[in-house]
Amino acid sequence: MVVQQIANGVVLGSLYALVALGLTLVYGVLRILHVAHAGVFVLGAYVGVLVYLPTGSLALAIVSAAVVCSLAGLIMYRFLYRPVLGRPPLVPLIISIGAFMFLEDLYRLVMGPYIKSLPVTIRAAGFETAAVRLTGYQLFIVAAAAGLLLGLWWLMRGTRLGLAWRASAQDLETAAAHGINTDVIIGVCFVIGSAIAAVAGVMVGGYYNQVYPSMGSVPAYKALAVIVLGGMGSVPGTVIAGLALGLAETLTMVWVGTFLPRDAIAFLVLILMLLVKPTGLLGRAS
Amino acid sequence: MLDIENLTVHYGHSVAVSGVSLTVGEGELVTLVGANGAGKTTILRTVMGLHRPTQGSIRYQGRDVAGLRPWVRSRMGVVMIPEGRRIFPELTVLENLRIGAYARTDRDGVAADLEKAYAMFPILRERAGQIGRTLSGGQQQMLAIARALVARPKLLLVDEISLGLAPILVDEVFRAVETLHREGVTIFLVEQNARKALEIADRGYVLSSGRLVLEGTAAELRANPEVKKSYLGG
């Protein structure tokens, strides 16, 4: 039972980490809370439905979702955030919340208010022992998440772009003054963050076999909890916090039972964290 | 090389710099001195493109650069050593220097300049793999200078390079600026330490409350009773 819940927690935590990464990347360079990011996640799920149902190809669904969402992320940066750079942080925050609500209603108008199913089947074999059972799809989620995270890690640590990116996240202005086109770096953050959210959207839609307009609300606030837990702007912190939250949620089911609503746990953990270490797991006081 | 004409800059609703005109000729070391809050840093940041002027023009190598983004100006040879060093705290010393040379494509030239920077500050070679924030204040300032050097500046903007340093280090960083000047780099030096600045500068301007109040050769300014009284400690 416990081993099974740990396995479930890792699957759930991988998804949380993927959704929250986009927030972390954007917060890292712009110090903006990109709440509308959860709207991008839902867009990814819908593109997944629109592509998967006629073609039956999960790979095609994921790639299309990533491409469409990258563009959407870039457009949001260009037309929502860039015009208000340098304004007090409340301005982009309110814009972002407004954009998120707009997107939810847009999906409701265009795709209808009802749940669409995304009946993904995958040929990969599952994994089963006496203590734990993982479906092929669950294994696929964990493997895809691990692959994406490793790729991102390589990009940040092993490439020239990654060096410019880390410098920009530490001091955007000084990076710009040293010949780094920070506008491009910020755009890259939106593209990569949105593409990863799109992948997560398709995978979550397939995991629960449902896609609906407001499916971004819960991930939106959980992602906020995850990035605060991880230490605002820290990529490894986000991954650890995402996994920790997934595990906390499934394990409390074992030990505390359903007495506590699962979605409340993110915020209990968040409150505890803020009391103990306000800068988050891997955050540093600036 | 740098011609600023009638420059006015606002910070929020208050005027930080008002109607300033000054020039820095090719190969010159020109200093801008004045009290804390006089607007010196604002002028430098505006030249770099980090701040938008309300009015006036900034010409670099005869070209109006007012509309250009900071990284474009940097690639044209305008390089800044910012106030407070502003090294990248989570990057290593070597990575900080790589950022300095980021826009350059001549690998051999970069390698040579890196050697030059290490020769100037041998401690940086020893600490090449160390994370920036773990350096001492003096070492961070050396890193900020080295980072500018490997960008191979044509016009070097130096902002309060001696602030918060022990006297012995103040001498060392000023010597570094002098060395760069002797090698032909044009330098625009903003400094609260007017005595030191006027020792190494060719010419100087005095800024007070956002306006230029005096200008002249460094020798003239050093001899000026007004400057002596207000900026050189009598």
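These numbers were taken from a predicted model, which means no experiment stands behind them.

Draft legend 1. Quick peek at the overall build of chain A. When you go through chain A residue by residue, the secondary structure sums to 11 helices and two strands. Shown N-terminal to C-terminal, the secondary structure of chain A runs as helices and strands in the order α-α-α-α-β-β-α-α-α-α-α-α-α. Viewed in the frame of its principal axes, chain A has a C-alpha envelope of about 60 × 45 × 35 Å. Look at the contacts in chain A between residues 6 or more apart in sequence, and 77% of them connect residues 24 or more apart.

Draft legend 2. Molecular detail of the interface of chain B and chain A. Across the contact, 23 residues belong to chain B and 20 residues belong to chain A. Summing both sides of the interface, chain B and chain A together bury roughly 2100 Å²; the carbon and sulfur share of this comes to 56%. When the buried surface of chain B facing chain A is broken down by residue, Trp71(B), Phe88(B) and Tyr102(B) rank first, second and third, together holding 34% of it. The tally of links from chain B across to chain A stands at four salt bridges. A salt bridge links Asp171(A) to Arg86(B); the shortest N-O distance between them is 2.6 Å. At the junction of chain B with chain A, the criterion picks out 11 residue pairs in polar contact (both at pLDDT 80 or more).

Draft legend 3. Structural view of the domain arrangement of chain B. Residues and elements named next belong to chain B. Here chain B is described as being made up of domain 1 (1–77 + 153–229) and domain 2 (83–151). Between domain 1 and domain 2, the C-alpha centre-to-centre distance is 23 Å. Domain 1 puts 17 residues into the contact, and the matching count from domain 2 is 14 residues. Each partner contributes to the roughly 1300 Å² buried at the junction of domain 1 and domain 2, and carbon and sulfur atoms together form 67% of this total. For the interface between domain 1 and domain 2, the tally reads one salt bridge. Residue Lys116 is joined to Glu183 by a salt bridge in which the shortest nitrogen-to-oxygen separation is 3.3 Å. Linking domain 1 to domain 2 there are two residue pairs in polar contact (both at pLDDT 80 or more). Looking at the side of domain 1 that touches domain 2, the elements that each hand over two or more residues are β7 (155–159) and α7 (167–182). Looking at the side of domain 1 that touches domain 2, the element that brings in the most residues is α7, giving six residues. When grouped by side-chain class, the residues that make up the side of domain 1 that touches domain 2 number nine nonpolar, three polar and five charged.

Draft legend 4. Just the packing of helix α1 (residues 2–30) of chain A against helix α6 (residues 160–170) of chain A, in detail. Residue and element names in this part refer to chain A. Contact geometry of α1 with α6 gives a least axis separation of 6 Å together with a crossing angle of 65 degrees. On the side of α1, the interface is formed by Leu25, Gly28 and Val29, while α6 contributes Trp165, Ser168 and Ala169. Tallied by class, residues from the contact of α1 with α6 come to four nonpolar, two polar and no charged.

Draft legend 5. Region of the structure containing empty space enclosed by the protein. All names here are of chain A. Counted by the stated rule, this structure contains one cavity of 30 Å³ or more. Considering only enclosed or pocket space, the largest cavity measures out at about 50 Å³ in volume. Residue lining of the largest cavity: Val19, Leu23, His34, Val35, His37, Ala38, Pro219, Ala220 and Ala223, and that is the complete set. Residue assignment for the lining of the largest cavity shows that the elements contributing at least two residues are α1, α2 (37–55) and α9 (217–230). Of all the elements, α9 adds the most residues to the lining of the largest cavity, at three residues. Along the lines of polarity and charge, the residues of the lining of the largest cavity split into seven nonpolar, two polar and no charged.

Draft legend 6. Expanded view of unusual backbone geometry. All names here are of chain B. The phi dihedral of Gln61 is positive, around 50 degrees, even though this residue is not glycine. Within the element layout of this structure, Gln61 appears in the loop between β4 (55–60) and β5 (63–64). One non-glycine residue, Ser209, adopts positive backbone phi at about 50 degrees. Inspection of the secondary structure assignment puts Ser209 in the loop between β9 (203–208) and β10 (211–217). Relative accessible area serves as the criterion here: at 65%, Ser209 is assigned to the exposed category.

Draft legend 7. How the structure looks around the sheet that holds β9(B). Residue and element names in this part refer to chain B. Reading across the sheet, the six strands line up as β6-β7-β8-β3-β9-β10 and stay open at both edges, with mixed pairing between neighbours. The two strands at the open ends of the sheet, each matched to only one other strand, are β6 (78–81) and β10. Put simply, the sheet's adjacent strands are angled 15 degrees from each other on average, direction ignored. Of the strand pairs in this sheet, strand β3 (residues 29–34) and β9 are connected by five bridges, and their pairing is parallel. Directly across from Val30, in β9, lies its bridge partner Arg203. Contacting β6 and β7, helix α6 (residues 137–149) runs over the sheet at an angle of about 175 degrees to β6. Across the sheet, α7 is in contact with β3, β7 and β8 (186–191); its angle to β8 comes to roughly 155 degrees.

Draft legend 8. How the structure looks around the packing of aromatic side chains. One pass over the structure, following the stated rule, counts seven aromatic pairs over all chains. For the pair Tyr77(A) and Phe190(A), a centre-to-centre distance of 5.2 Å together with 20 degrees between the ring planes defines the contact as stacked. With Tyr77(A) in helix α3 (residues 58–81) and Phe190(A) in helix α8 (residues 182–208), the pair connects residues that are 113 residues apart, well separated along the chain. Accessibility assignment for this pair places Tyr77(A) and Phe190(A) in one class, buried. Measuring from centroid to centroid gives 5.3 Å for Tyr221(A) and Phe267(A), while their planes differ by 55 degrees, and the two rings are tilted. Separated by 46 residues along the polypeptide, Tyr221(A) in helix α9 and Phe267(A) in helix α11 (residues 265–276) bring together distant segments of the chain. According to the relative accessible area criterion, Tyr221(A) is partly exposed, its value standing at 30%. What links up through ring pairs into an aromatic cluster is the set Tyr137(A), Phe140(A), Tyr207(A) and Tyr208(A). Directly above the ring of Phe79(A) sits Arg78(A), whose terminal nitrogen or CZ lies 5.3 Å from the centroid. Here the basic side chain of Arg160(A) rests over the ring of Tyr102(B), its NZ or CZ set 4.1 Å away from the ring centre.

Calculation notes
- Residues numbered from 1 in each chain as written.
- Chains lettered and ligands numbered in written order.
- Predicted model: local features only at pLDDT ≥ 70, side-chain atom pairs only at ≥ 80, totals over all residues.
- Heavy atoms only, no water.
- Helix = DSSP H or I, 4+ residues; strand = E, 2+ residues; numbered from the N terminus.
- Contact = heavy atoms within 4.5 Å.
- Buried area = accessible area lost by both parts, 1.4 Å probe.
- Salt bridge = Lys/Arg side-chain N within 4 Å of Asp/Glu carboxyl O.
- Polar contact = N/O pair within 3.5 Å; in protein donor to acceptor, adjacent residues only side chain to side chain.
- Domains from an automatic or database assignment.
- Nonpolar A, V, L, I, M, F, W, Y, C, P; charged D, E, K, R; others polar.
- Axes fitted to C-alpha atoms, helices over the stretch in contact; angles between N-to-C directions.
- 1 Å grid on protein atoms, 1.4 Å probe; cavity = no way out; pocket = protein on both sides within 12 Å on 5 of 7 lines; lining within 4 Å.
- Points joined across faces, edges and corners; volume = space filled by probe spheres on them.
- Buried < 20%, exposed > 50% of the residue type's maximum accessible area, 1.4 Å probe, protein only.
- Pairing = 2+ DSSP bridges.
- Phe/Tyr/Trp six-rings, centres within 6.5 Å; stacked < 30°, edge-to-face > 60°.
- Lys NZ or Arg CZ within 6 Å of the ring centre and 35° of its normal.

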